[in-house]
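Observations on the three-dimensional arrangement
Chain by chain, the residues:
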Amino acid sequence: MADRKKQILILLLVMVLAGGCKSRQEENDSNRIADAPRIEGLTCESLLEPEYAENFRIYYYNDDFKMIEVENSLTYLVVPEGAKVPDGLPEGTTVLQSPFDQIYVAGTATMAMFHALDGLGAVRFSGLQADDWYVDAAREAMEAGEIKFAGKYSEPDYEMLVDEGCDLAVESQMIHHTPKILELLQMMDIPVLIDCSSNESHPLGRVEWIKVYGALLCKEEEAEDFFEEQTKVLDELEGIENTGKSVVYFYINTSGQAVVRTGTDYIAKMIEIAGGRYPFDSLTDKGGTAAVTMEEFYAAAADADYLIYNASIDNRLKSIEELTAKDKILGDIKAVKEGNVFCTDKDFYQASDIASRMIADIHIMLTDGDEDDMTFLCRVKE
């Protein structure tokens, strides 16, 4: 009987503790919702906080209104079809009137997001010519006349965009280098959404921006399903021991310098997740890349086990000889001597939706796995 009472007391204690934890969680959620931007006549009902991304959050209000908050205090109100724009919006809010079917995608890394959501039908204008797309569906849509070239981000075809009723321009942060373009688009009543995914330090943080586009296109469920599929790569690698092998990711610029990723960049994080070590982890330039002299490069990379050449920026390497022709000192690096030089595909920087596959590729490389299973990497021939 005493044992039975003891069991009941333990069960009650567990229930109380569990209930307390739940209450605290609900209280935290309520506090975050209470911090939502105040919009006249609307009430925030829920909040989407990303798992890995640090530069956006999405508030959901009654009557299908949504507020997307992006770093640097950028706010976008998505207004449902047929609804009136509320009065008294927070200063600086950009109004996005849905549904969208005339989008200008000037930020090239975002086209893959629309494709992953089966949302290319909402895209009418492109910042790249058809031949410059590695997203096959985008290239095919342009060849079929479904998507038109409307000038690159720095030289948009304003007349085309206005005459054909562009309802949204999606720009990368490169638009900050041409602020006059941004100003002119806004003067022409073309709302601009600036994608800040390139600021995410975690590779899956970049992929998670698909939830922003899911909110724009009312495809939240599809975005969530797609993102969960990409996180499986991390689940499969969870708990693996670090191999201790070093990996250098770089290319040689026209000035003869080696351009490497910094230690806080998402590529360095990919290498770490995959089980490798990044020799340039002490570099902390916020831009994500740093140009170093060949002497500085060799000092850090001489004993590297693997080299990955970034062909997304430079041309793809056809041979080790082509690499060492860029600078003789490269031939003295351990990875080069052992033939462990890999090269990225040109389409990697456009494949923002499946960036997690690069993590899998690096893991295959580090563990001598089947290179036929690689998506973005290939070994450079002797």
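Computed from a predicted structure; not experimentally measured.

Topic: the packing of helix α9 (residues 266-274) against helix α13 (residues 356-366)
Interaxial distance between α9 and α13 falls to 8 Å at its minimum, and their mutual angle equals 50 degrees. It follows from the interaxial angle that α9 and α13 lie oblique. The hand of the α9/α13 crossing is right-handed. In this structure, α9 contributes Met270, Ile271, Ile273 and Ala274 to the contact, and α13 contributes Met358, Ile359, Ile362, His363 and Leu366. By residue class, the composition of the contact of α9 with α13 is 8 nonpolar, 1 polar and no charged.

Notes on the packing of helix α8 (residues 220-237) against α13
Viewed as axis vectors pointing N to C, α8 and α13 meet at an angle of 30 degrees, and their least axial separation amounts to 8 Å. Classed by the angle they form, the pair α8 and α13 counts as roughly parallel. Relative to α13, the crossing made by α8 is left-handed. Between α8, through Gln230, Val233, Leu234 and Leu237, and α13, the contact on the second element is made entirely by Ser356, Ile359, Ala360 and His363. In terms of residue class, the contact of α8 with α13 is built from 5 nonpolar, 3 polar and no charged.

Some words on the side chain of asparagine 340
By secondary structure assignment, the location of asparagine 340 is in the loop between α12 (334-337) and β15 (341-344). Side-chain polar atoms of asparagine 340 contact the side chain of arginine 379, separated by 3.1 Å. Here asparagine 340 is in contact with Asp305, Tyr306, Leu307, Ala335 and Arg379, once residues within four sequence places are set aside.

A word on the sheet that holds strand β11 (residues 247-252)
Ordered in space as β13-β12-β11-β14-β15-β16, the 6 strands form an open sheet in which the pairing is mixed. Only two strands of the sheet have a single partner each, and these edge strands are β13 (289-292) and β16 (377-379). Adjacent strand axes in the sheet meet at a mean angle of 35 degrees when their direction is disregarded. Bridge count between strand β14 (residues 306-309) and β15: 3 bridges; the pairing is parallel. Within β15, the position partnered with isoleucine 308 by the bridge is phenylalanine 342.

Thresholds, definitions, all that
Residues numbered from 1 in each chain as written. Predicted model: local features only at pLDDT ≥ 70, side-chain atom pairs only at ≥ 80, totals over all residues. Heavy atoms only, no water. Axes fitted to C-alpha atoms, helices over the stretch in contact; angles between N-to-C directions. Helix = DSSP H or I, 4+ residues; strand = E, 2+ residues; numbered from the N terminus. Parallel < 35°, antiparallel > 145°, perpendicular 65-115°, else oblique. Left-handed = near helix turned anticlockwise from the far one by under 90°. Contact = heavy atoms within 4.5 Å. Nonpolar A, V, L, I, M, F, W, Y, C, P; charged D, E, K, R; others polar. Polar contact = N/O pair within 3.5 Å; in protein donor to acceptor, adjacent residues only side chain to side chain. Pairing = 2+ DSSP bridges.

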